[in-house]
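Structural overview
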Amino acid sequence: MTGDIRETKECQLKDPMDLFHSGQVVKICAPMVRYSKLAFRTLVRKYNCDLCYTPMIVAADFVRSAKARDSEFTTNKGDHPLIVQFAAKEAQVLCDAARIVCPFADGIDLNCGCPQRWAISEGYGACLINKPEVVKDMVRHVRSQIDNPKFSVSIKIRIHEDLKRTVDLCQKAEAAGVSWITVHGRSVEERHQPVHYDAIKIIKQSMSIPIVANGDVKTLKDAENVHHLTGADGIMVARGLLANPAMFAGYEETPFQCIQDWVDIALEHGTPFTCFHHHLMYMMERITSKQEKKVFNVLSSTSAVLDYLNDHYGV
């Protein structure tokens, strides 16, 4: 982390709010466990992604352990604007984590949407949507303890069955000084059910800060449709970008140039093989036959993958 971070000190941090004031819909790469790391962020930024999040980092571990900081957070001078997403349940711990990343990132995001059992049992993620006062307190603390007025503090939430509760949560967060709110339009229990875009629209109409819509966006056309349906100021994408990192540039499926770019970037960053290979499996899902997948998905070394790409696609 240190080499990368030292480099970042020379770069100009950005004000993410400038994106929301640009008059364009902000195109955002979601926080994804294992996947939205520096190499992948570098790739999607080449293809019109405006704003990137790190994977979710547990704030308490990050504050306590230098080892966690080194493995969880790497950046460089091209990696901006960048939002670091934290799982936290105590205001001071979140503030301490925010203070550590403040010189190297453009904002932090509090995860209030992760539905995984471990997160909820630890008091993190989606259980926070039922604790609006705690969320408000955390936002207010970070706002008061970070000196840089351009450093954003956002939250990412899921919705309640009773939408009034979600609107109440959002309004409390807004009053505490939150910069924007990302709304995944499903409840904690919902996984693959249709996204409630109508709920995102109601939240957007109830707020005066930017609202980002998240859930089931797979193409640039989808992003435009969701913007029209909800009025959201930004569109956040996870799986759609894994399948096609060039999605925001208007490509319907991953172009070969994007695969070539991923190979170059991943090798340059020393990306571990499993991560390097998994990204390629996602990117090539729509453009390879069943037979090809059988072969490609069981390759077990970087050199085998490179040979395969070269032989079959001239990459």
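Per an unreviewed UniProt entry, the protein goes by tRNA-dihydrouridine(20a/20b) synthase [NAD(P)+]-like and derives from Rhagologus leucostigma. Per UniProt, the protein has the following entry under Sequence similarities (unreviewed entry): "Belongs to the Dus family. Dus4 subfamily." As stated in UniProt under Function (unreviewed entry), the record for the protein gives "Catalyzes the synthesis of dihydrouridine, a modified base found in the D-loop of most tRNAs."

Cis geometry marks the peptide bond from His80 to Pro81; its omega dihedral reads -5°. By secondary structure assignment, the location of Pro81 is in the loop between helix H5 (66-72) and strand E4 (82-87). Phi is positive for Asn48, which is not a glycine, with a value near 70°. Inspection of the secondary structure assignment puts Asn48 in the loop between helix H3 (38-46) and strand E2 (51-53). Residue Asp216 is not a glycine yet carries a positive backbone phi of 60°. Assignment of secondary structure puts Asp216 in the loop between strand E8 (211-214) and helix H11 (220-230).

A few words now on the UniProt feature "binding site: FMN" (unreviewed entry) in the protein. Per the UniProt record, "binding site: FMN" (unreviewed entry) is found at Pro31, Met32, Val33, Gln85, His184, Ala238 and Arg239. Relative to the helices and strands, Pro31 resides in the loop between strand E1 (26-29) and H3. Filtering out sequence-adjacent residues up to four positions away, Pro31 remains in contact with Ser36, Tyr53, Thr54, Pro55, Met56, Gln85, Lys156 and Met236. Within the secondary structure, Gln85 is located in strand E4.

A separate point is the domain arrangement of the protein. Partitioning the protein into domains gives domain 1 (16-246) and domain 2 (256-313). If you average the C-alpha positions of domain 1 and of domain 2, the two centres end up 29 Å apart. Each partner contributes to the interface: domain 1 provides 16 residues, whereas domain 2 provides 13 residues. Taken together, both faces of the contact between domain 1 and domain 2 bury some 1300 Å²; the carbon and sulfur share is 66%. It is Tyr35, Ala39 and Leu43 in domain 1 that bury the most area against domain 2; as a group they hold 36% of the surface buried on that side. Summed over the shared surface of domain 1 and domain 2, the number is one salt bridge. Asp261 is paired through a salt bridge with Lys46; the nearest N and O atoms lie 3.9 Å apart.

Of note, Lys204 is situated in helix H10 (residues 197-206). Side-chain polar atoms of Lys204 contact the side chain of Asp233, separated by 2.9 Å. Excluding anything up to four places from it in sequence, Lys204 contacts Ile209, Ile211, Thr230, Gly231 and Asp233.

Take the UniProt feature "active site" (unreviewed entry) in the protein next. Mapped onto this numbering, the UniProt entry gives "active site" (unreviewed entry) at Cys114. Residue placement: Cys114 occurs in the loop between strand E5 (107-112) and helix H7 (117-121). Contact partners of Cys114, with chain neighbours within four places excluded, come to Met56, Ala119, Ile120, Gly125 and Ala126.

About the cut-offs
- Residues numbered from 1 in each chain as written.
- Predicted model: local features only at pLDDT ≥ 70, side-chain atom pairs only at ≥ 80, totals over all residues.
- Heavy atoms only, no water.
- UniProt positions renumbered as here; feature names shortened; annotations may be inferred.
- Helix = DSSP H or I, 4+ residues; strand = E, 2+ residues; numbered from the N terminus.
- Contact = heavy atoms within 4.5 Å.
- Domains from an automatic or database assignment.
- Buried area = accessible area lost by both parts, 1.4 Å probe.
- Salt bridge = Lys/Arg side-chain N within 4 Å of Asp/Glu carboxyl O.
- Polar contact = N/O pair within 3.5 Å; in protein donor to acceptor, adjacent residues only side chain to side chain.

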